[in-house]
Amino acid sequence: MVIGGGPAGNVAATVASTLGAEVVVIERDIVGGASHLLDCIPSKALIATGGELSELGRARIMGLDATGRLDIAALRSRVAAIEERLHRSVVEQLESQGVRLLRGTGTLTGPHEVAVQTDEGIESFEADTIVLATGSRSRIPTWAEIDHDRVLTTRDAYPPPEIPEHLCVIGSGVTGVEFAHMFNSLGSEVTLVVSRQQVLPRKDPEVAAVLEEEFLRRGIHLLKGARAEGISRTDSGVTVACEDGRSVDATHALLCIGLVPNSEGLGLSEAGVTAVEDGTIPINRHCQSNVDHIYVAGDLSGKLPLSSVAAMQGRKIAEHLMGLYTLQHRHIDYDKAASAIFTDPEIADVGLAEAEAFADGRKIRVTKVPFATNAAALIQGDPRGFVKLISDPTTGVVLGGSIVGRHAAELIGVIAVAVTNGLTTSDIVDSLLVHPSMSESLTDAAS
Ligand SMILES: Cc1cc2nc3c(=O)[nH]c(=O)nc-3n(C[C@H](O)[C@H](O)[C@H](O)COP(=O)(O)OP(=O)(O)OC[C@H]3O[C@@H](n4cnc5c(N)ncnc54)[C@H](O)[C@@H]3O)c2cc1C
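Student: Would you mind going over the site of the ligand in detail, with residue names and values included?
Tutor: Taken together, 37 residues sit near the ligand, with Gly-4, Gly-6, Gly-33, Gly-135 and Gly-298 positioned nearest. In terms of residue count, helix 2 (residues 34-57) provides more of the shell around the ligand than any other element does, 7 residues in total. Its residues assigned to classes, the shell around the ligand shows 13 nonpolar, 18 polar and 6 charged.

Right, dumping it as structure tokens:
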């Protein structure tokens, strides 16, 4: 029994079924995953549209004369079409593997028992193994009341019926900066409330600095060292009040201050499963909870909240429960997960960060190559950003890297493969890459 049909649940189900298990997936909302299909995908679709608008703005330097006008109705149908297509492809894949999909809300009623509330009533199941993959939702603080009109969560913003005139984005982590960038490129005035002195507080300061500079150049207001503590409605929109007395008047406010796991009402105590205070369920390296046959995957597990991580956990769970675990089995190394931030320029990183290495007193070799010397970047008219590669000074093993610039989310794949497989800088240097291409900067950084 798999409760939750997001990337974690549907990959666990598909792989377990391929390996011979009889599988039922219970989903209360949309197969493919609410956070995945209703958050991750539309946000990237809107960013892509904003990106095209920015490209039109750059047309003149490419020797073109072009204008663009946003058609919100067309944009909304485009986002809906992408979601529908991805949803269908997940459903088709699950059904083609013989997985039973059941629409309803699943609850544990015992260690092996699951009750499903469907439109027709309650259906009860007994299962050898249960996978909990119920995902997460936006965190809403007590001082904010979401009205889905002027005070929004990310899910209200794909896009709202009209592009906000002035949007105040609260929170400057990955989601906050992506939404600030998205709405700025779609034409909104944007104020970003940054609780510390740096956007993306967990990222490399050099990386964050490039983004801050770009935000300021594009007219995004940064309210630094400001903690929001209240939002009130006004005649013209909203006022966001901060703890230090500063405030922002805007037409809309958007909360991007983190996620909470969907673990309440799941019947954890009936099954003897232990959760921690923040609602996530601790797991061992096989993704098992404290109850051996109850696995946990995705955002509910409190590991990195990424679709890629959720899907990988789903696959590893299926292999483990179907007995494919061997001594050669590779456990998930969460420290080696690549991630990207879809701003302009894009930001991506993987593995060890420079600041982390210095904090641990670890000796590293850091090489940084700006895209300003890359032929492909110059041809594309966008030489912003850099590649930073971190390696072991003795063995040359690649330990991590950051990329800021065009196509960073794609380029980081090369470094991710190197980090995961213990490849060395020489392995990258000896690879014959395309010329002219942005990836040549990876070879330069590895040289
Ligand atoms: C705005 C935003 C942008 C993001 N962008 C990215 C990105 O660019 N890249 C990336 O890798 N990740 C991104 N993420 C994170 C990513 O969406 C999540 O990490 C991922 O969806 C987690 O997968 P999951 O399977 O754990 O949960 P979900 O995708 O949320 O799926 C869980 C499913 O369980 C269902 N469910 C919950 N409770 C029950 C129940 N009791 N019974 C039945 N069904 C239930 C829910 O309806 C849901 O469909 C983003 C998240 C947000 C909010």
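Student: I'd love a proper account of the pairing of strand 12 (residues 221-224), names of residues and values included.
Tutor: Residues in a regular strand project their side chains so that they alternate between the two faces of the sheet. In this sheet, strand 12 lies alongside strand 11 (residues 189-194) in parallel orientation, the contact comprising 4 bridges. The partner of Leu-192 across the bridge, within strand 12, is Leu-222. Traced from strand 11 through helix 5 (residues 205-217) to strand 12, the parallel crossover comes out right-handed.

Student: Quick one: what's the story with the packing of helix 1 (residues 7-18) against helix 7 (residues 307-321), residue by residue and with numbers?
Tutor: Between helix 1 and helix 7, whose axes approach to 7 Å, the crossing angle comes to 30°. Here helix 7 runs roughly parallel to helix 1, going by the angle between their axes. Considering how the two elements wind past one another, helix 1 and helix 7 form a crossing that is right-handed. Listed contacts from helix 7 to Pro-7, Ala-8, Gly-9, Val-11, Ala-12, Val-15 and Ala-16 of helix 1 are Ser-307, Ala-310, Ala-311, Gln-313, Gly-314, Arg-315, Ile-317, Ala-318, Glu-319 and Leu-321. Within the contact of helix 1 with helix 7, the residues separate by chemical class into 11 nonpolar, 4 polar and 2 charged.

Student: Describe in detail the domain arrangement of the chain, supporting the description with residues and values.
Tutor: By domain assignment, the chain separates into domain 1 (2-138 + 260-321), domain 2 (151-257) and domain 3 (345-446). When each unit is reduced to the centre of its C-alpha atoms, the spacing between domain 1 and domain 2 is 27 Å. Facing the 16 residues of domain 1 at the interface are 14 residues of domain 2. Elements with a minimum of two residues in the side of domain 1 that touches domain 2: helix 2 and helix 3 (72-96). Here the side of domain 1 that touches domain 2 gets 10 residues from one element, more than from any other, and that element is helix 2. Its residues placed into classes, the side of domain 1 that touches domain 2 shows 9 nonpolar, 5 polar and 2 charged.

Student: Explain the nonpolar core to me, using residue names and the numbers behind them.
Tutor: The biggest cluster of nonpolar side chains holds 76 residues, and the ones touching the most others in it are Val-169 and Val-193. Considering each element in turn, this core owes the most residues, 8 residues, to helix 10 (residues 408-421). Once residues within four sequence positions are removed from consideration, Val-193 is found in contact with Cys-168, Val-169, Ile-170, Leu-223, Ala-226, Ala-228, Val-240, Cys-242 and Val-248. Counting residues in hydrophobic clusters, the runner-up holds 43 residues, among them Ala-13, Val-114, Val-116 and Val-309.

Student: Pulling in residues and values, what's your account of the sheet that holds strand 6 (residues 121-126)?
Tutor: Ordered in space as 4-5-6, the 3 strands form an open sheet in which the pairing is antiparallel. Bordering the open sheet on either side are strand 4 (105-108) and strand 6, each of which pairs with just one other strand. Each strand axis lies, on average, 25° off the axis of its neighbour in the sheet, ignoring direction. Note: strand 5 (residues 113-118) against strand 6, 6 bridges, orientation antiparallel. Bridge pairing in strand 6 places Val-116 opposite Glu-123.

Student: Could you give me a rundown of helix 5, with the residues and numbers involved?
Tutor: Here helix 5 spans 18 Å end to end across 13 residues, near enough to the 18 Å set by a 1.5 Å rise per residue. Within helix 5, burial applies to Val-207, Ala-208, Leu-211, Glu-212 and Phe-215. In an axial view of helix 5, the angular spread of the buried residues amounts to 135°, which keeps them on one side of the axis. Facing away from the buried surface of helix 5 by more than 90 degrees, the exposed residues are Glu-213, Leu-216 and Arg-217. Residues of helix 5 that are buried sit in contact with helix 4 (174-185), strand 12, strand 20 (346-351) and strand 23 (398-405). Gly-219 lies just past helix 5 and shows a positive phi near 90°.

Procedures and definitions
Residues numbered from 1 in each chain as written. Predicted model: local features only at pLDDT ≥ 70, side-chain atom pairs only at ≥ 80, totals over all residues. Near = placed C-beta within 6 Å. Helix = DSSP H or I, 4+ residues; strand = E, 2+ residues; numbered from the N terminus. Nonpolar A, V, L, I, M, F, W, Y, C, P; charged D, E, K, R; others polar. Pairing = 2+ DSSP bridges. Right-handed = clockwise from strand over helix to strand, strands pointing away. Axes fitted to C-alpha atoms, helices over the stretch in contact; angles between N-to-C directions. Parallel < 35°, antiparallel > 145°, perpendicular 65-115°, else oblique. Left-handed = near helix turned anticlockwise from the far one by under 90°. Contact = placed C-beta atoms within 7 Å. Domains from an automatic or database assignment. Core = buried A, V, L, I, M, F, W, Y, C linked by C-beta atoms within 7 Å. Buried ≥ 20, exposed ≤ 12 C-beta atoms within 10 Å, placed from the backbone. Expected span 1.5 Å × (residues − 1). Arc of directions from axis to C-beta.

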